[in-house]
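Coordinate analysis (summary)
Spelled out, the chains give:
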Amino acid sequence: MGCTMMSRSRLASVAGALVVLGALASCGTESGTADAPLRPSASVGRTAGESPRGAVPSEDAASPSDRAPTVTGRTNSSATRCHTAELSAAVGRMDPGAGQRNFPVVLTNVSSRTCTLHGYPGAAFVDAAGEQLGRDPERTPGGAATVTLAPGDSAWAGLRFSSPGVSGARTATPATLLVTPPDERNPLEVPWRAGAVPVSGDSSSVFLTVLQPGSGP
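Residues numbered from 1 in each chain as written. Predicted model: local features only at pLDDT ≥ 70, side-chain atom pairs only at ≥ 80, totals over all residues. Heavy atoms only, no water.

1. Let's talk about the state of the cysteines
Under the counting rule described, the total for this entry stands at one disulfide. Linked covalently through their sulfurs, C82 and C115 form a disulfide whose S-S length is 2.0 Å. An S-S torsion of about 95° defines the bridge between C82 and C115 as right-handed. In this pair, C82 sits in the loop between α2 (16–26) and β1 (87–91) while C115 sits in strand β4 (residues 115–118), placing the two residues 33 residues apart along the sequence. As far as burial versus exposure is concerned, C82 and C115 are alike and both buried. (Disulfide = S-S within 2.5 Å. Helix = DSSP H or I, 4+ residues; strand = E, 2+ residues; numbered from the N terminus. Buried < 20%, exposed > 50% of the residue type's maximum accessible area, 1.4 Å probe, protein only.)

Next comes the structure, spelled out in structure tokens:
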């Protein structure tokens, strides 16, 4: 049935409110189409300032815990170490003790930069053919400290052994004392002019102390 105006008699027999409600229910909108249901906008379900789903947050929006940590470098102590080529070696004057012979083994910085030494030097007596005489020196216990050498500065370690005439150890006369700076592989050659040294038997041990500033006691 089409949408028509009802007669006054019909309106009188039916409650005005029901007739108006029925007429609205049977007619379309003024444009001729049915009302579409309301749809939520794209922002429904997000709080103010919230990013849409699937959006990648900008770097500025990331919290500090979301960012990669900064890795800090470590100081490399080998960068300041004195190398063999930067040093010269010498053996100082003998300091005789009670049945002992004591020598300062001196390392001097001959380079143009400041460098450091830490710990014990290496030492070995060798003959003219380069063959080692006796065992490696033993390290005398002592607290090692880093010695800083400006150009021209020196550090020394004590070399000690029992007098061969007193100890009765078998002896040999070295041609050279090889001195190796701490943490280096290449030795420095020092001519040995202090006579025989113990190489085997009782009381034949040779001892070295840690390096300390200066050129001797």
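After that view, the rundown keeps rolling.
2. Some remarks on the environment of R135
Tracing the sequence through the fold places R135 in the loop between β6 (132–133) and β7 (138–139). Every residue in contact with R135, bar those within four places of it in the chain, is listed here: S204 and S205. Separated by 3.3 Å, the side chains of R135 and S205 make a polar contact. (Contact = heavy atoms within 4.5 Å. Polar contact = N/O pair within 3.5 Å; in protein donor to acceptor, adjacent residues only side chain to side chain.)

3. Details of the environment of R185
Its place among the elements puts R185 in the loop between β11 (176–180) and β12 (188–191). A relative accessible area of 80% places R185 in the exposed class. Through-space distance from the C-alpha of R185 to that of G122 is 9.3 Å; in sequence the pair is 63 residues apart.

4. Quick look at the packing of aromatic side chains
Summed over the entire model, instances satisfying the criterion amount to four aromatic pairs. Arranged with centres 5.9 Å apart and planes meeting at 25°, the rings of F103 and F161 form a pair that is stacked. Here F103, found in strand β3 (residues 100–109), pairs with F161, found in strand β9 (residues 154–162); they are 58 residues apart in sequence, far enough to count as distant. With respect to class, F103 is no different from F161; both count as buried. Both rings, one in F125 and one in W192, keep their centres 4.9 Å apart while their planes meet at 75°; by these two values the pair is edge-to-face. (Phe/Tyr/Trp six-rings, centres within 6.5 Å; stacked < 30°, edge-to-face > 60°.)

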